[in-house]
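# A look at the structure
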Amino acid sequence: MKANCWTGRNSVEVQDVPDPSILNSRDAIVKITSTAICGSDLHLLDGYVPTMEKGDIMGHEFMGEIVEVGPGISDGTLRVGDRVVVPFPIACGACASCRAQLYSCCENTNPNAGISEKLFGHPTSGIYGYSHLTGGFAGGQAEYARVAFADVNALKIESDLSDEQVLFLSDILPTGYMGADMCDIQEGDVVAVWGAGPVGQFAMDSARVLGAEKVIAIDKETYRLDMAAAQGYTTVNFEDVDVRSALLELTGGRGPDKCIDAVGLEATHGASHVHLYDRAKQAVRSETDRPHVLRQAIVSCRSGGTVSVIGVYGGLIDKFPAGAWMNRSLTLRTGQCHVQRYMQPLLGLIEQGTIDPTRIITHRLPLTEAPTGYDLFKNKKDHCEKVVLTP
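Procedures and definitions
Residues numbered from 1 in each chain as written. Predicted model: local features only at pLDDT ≥ 70, side-chain atom pairs only at ≥ 80, totals over all residues. Heavy atoms only, no water. Domains from an automatic or database assignment. Buried area = accessible area lost by both parts, 1.4 Å probe. Salt bridge = Lys/Arg side-chain N within 4 Å of Asp/Glu carboxyl O. Helix = DSSP H or I, 4+ residues; strand = E, 2+ residues; numbered from the N terminus. Nonpolar A, V, L, I, M, F, W, Y, C, P; charged D, E, K, R; others polar. Core = buried A, V, L, I, M, F, W, Y, C linked by side-chain atoms within 4.5 Å. Buried < 20%, exposed > 50% of the residue type's maximum accessible area, 1.4 Å probe, protein only. Contact = heavy atoms within 4.5 Å. Phe/Tyr/Trp six-rings, centres within 6.5 Å; stacked < 30°, edge-to-face > 60°. Lys NZ or Arg CZ within 6 Å of the ring centre and 35° of its normal. Pairing = 2+ DSSP bridges. Axes fitted to C-alpha atoms, helices over the stretch in contact; angles between N-to-C directions. UniProt positions renumbered as here; feature names shortened; annotations may be inferred.

The next thing to look at is the domain arrangement of the protein chain. Quite often, the size of an interface is put as the accessible area lost when its parts meet. Taken domain by domain, the protein chain consists of domain 1 (2-171 + 337-390) and domain 2 (174-334). Here the C-alpha centroids of domain 1 and domain 2 sit 26 Å apart. Counting the surface lost from both domain 1 and domain 2, the interface buries some 2,500 Å², and carbon and sulfur atoms represent 64% of this. The largest share of the area that domain 1 buries against domain 2 comes from Tyr-48, Arg-359 and Glu-385, three residues that together contribute 30% of it. At the junction of domain 1 with domain 2, the criterion picks out two salt bridges. In this structure, Asp-205 engages Arg-359 in a salt bridge whose closest nitrogen and oxygen atoms are separated by 3.0 Å. Elements with a minimum of two residues in the side of domain 1 that touches domain 2: helix H1 (41-45), helix H3 (113-120) and helix H12 (339-352). Among the elements that take part in the side of domain 1 that touches domain 2, H12 stands out by supplying four residues, more than any other. Residues belonging to the side of domain 1 that touches domain 2 are distributed by class as follows: 18 nonpolar, six polar and six charged.

Grouped together as the largest cluster of nonpolar side chains are 73 residues, with contacts concentrated most on Phe-168 and Leu-169. Ranked by residues supplied to this core, first place goes to H12 with seven residues. Each of two domains, domain 1 (2-171 + 337-390) and domain 2 (174-334), supplies a minimum of three residues to this core. In contact with Phe-168, other than residues within four places in its own chain, are Ala-36, Leu-173, Pro-174, Phe-202, Pro-357, Ile-360, Ile-361, Lys-386 and Val-388. The next biggest cluster of nonpolar side chains, apart from the first, holds 21 residues, and it includes Val-236, Ala-246, Ala-267 and Val-307.

Turning to the packing of aromatic side chains, a few remarks are in order. For the coordinates displayed, the defined rule picks out five aromatic pairs. Taken together, a centroid distance of 5.6 Å and an interplanar angle of 80 degrees make the contact between Phe-320 and Trp-325 edge-to-face. In this structure Phe-320 comes out as partly exposed when scored by relative accessible area, which is 29%. By relative accessible area, Trp-325 is classed as partly exposed at 33%. The structure contains a cluster of three or more aromatic residues connected by ring pairs, namely Phe-62, Tyr-128 and Phe-137. When the ring centre of Tyr-48 is taken as origin, the NZ or CZ atom of Arg-9, which lies over that ring, is 5.8 Å away.

On to the sheet that holds strand E12 (residues 234-237), then. Taken in spatial order, the six strands line up as E12-E11-E10-E13-E14-E15 in an open sheet, and their pairing is parallel. Pairing within the sheet leaves two strands with one partner each, and these edge strands are E12 and strand E15 (331-334). Looking at each pair of strands side by side, their axes are set apart by 20 degrees on average, direction ignored.

Per the UniProt annotation, the sites labelled "domain: Alcohol dehydrogenase-like N-terminal" (unreviewed entry) are residues 26-150. Within residues 26-150, the helical portion is 14% and the strand portion 24%, while the C-alpha atoms at the span's ends are 6 Å from each other.

Time to look at the environment of Gly-270. Of note, Gly-270 is situated in the loop between strand E13 (258-261) and helix H9 (272-283). Given a relative accessible area of 40%, Gly-270 falls into the partly exposed group. With 203 residues separating them along the chain, Gly-270 and Val-67 place their C-alpha atoms 49 Å apart.

UniProt annotation of "domain: Alcohol dehydrogenase-like C-terminal" (unreviewed entry) refers to residues 198-268 when read in the numbering used here. With 39% helix and 20% strand, residues 198-268 has end C-alpha atoms that lie 17 Å from one another.

Once that is clear, we can look at unusual backbone geometry. The backbone phi angle of Asp-184 is positive, close to 50 degrees, even though this residue is not glycine. Examined against the element boundaries, Asp-184 turns out to sit in the loop between helix H5 (172-181) and strand E10 (190-194). Exposure remark for Asp-184: the relative accessible area of 49% places this residue in the partly exposed category.

Listed below in structure tokens is the structure:
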């Protein structure tokens, strides 16, 4: 089969690779009908996430049709021919974390748990196409994929919704929703979202659904801000204004009630000296992540507010404003998305027309043109917001 493979820093290539096969009794094989390039794939492309190996198959947003199931899949759960969306974190469904619906913290699905323990203190779940740190599982930017614990990790789509309407249930729609959900939004709240990329757009939509009075989008790309403005959100371009000052002005001097970091470790900053500081620290490996957004969100949030972090961080940061966080009674909440918790409720919102995931798609390409898609997305060419690939 053909698959999009990591071939080195800033390099991917569509290659012929062996077809996947059933390895464990609860596996299923999915013929992929749609897959996508995620912003967190760029952290792999850029080399910021360790333990990638040449030839690793990329991608953790995919869906398709089941063509084979293992003997351990119970009758009445999944069968050949079912159309499914696959969540990016791999959950066993039985451990303490899974029972608490903390699926991205599953204790049983990462065969390389010892590696992630060294970096994070405890292991994370396995993740498709996301380095050997998270298990070395082959990803979904391919013609076929093996789905582990498929009876827990595949959502059946039994309506006539299109692939594009449901594909993002695999990651970015639940991730954006969880970012807003962790904010515990109350009537009248002002929610500021750093990053108007795909996850940020869905965080904005979710904040509105959950009752935010005003949603503010922060970015520097005018096409992304225009996309947010078209939905009725207030926009702030961080290259034109000081973000904290702008937010204070928009909130009567108090700051946003809730702040969402939908950017993560490769954030940029409008002030060149601040950006250069973190780029230099990163270059000499004195820190692994650029925490511009996290710092801004903490110092901008109103006292007693909540900072929700769904942008990916991978290691260590510098100049964390712990004093502001502690002395002003801020709540900091974060996590890789527990996708399985949110898939069914969000499917209902899509069916009702409350959320339209297709609004962020700007580019559609065949799988064979995946390297072009990465170039468009990484370098923000042709106003690229989201790329969907079709095998």
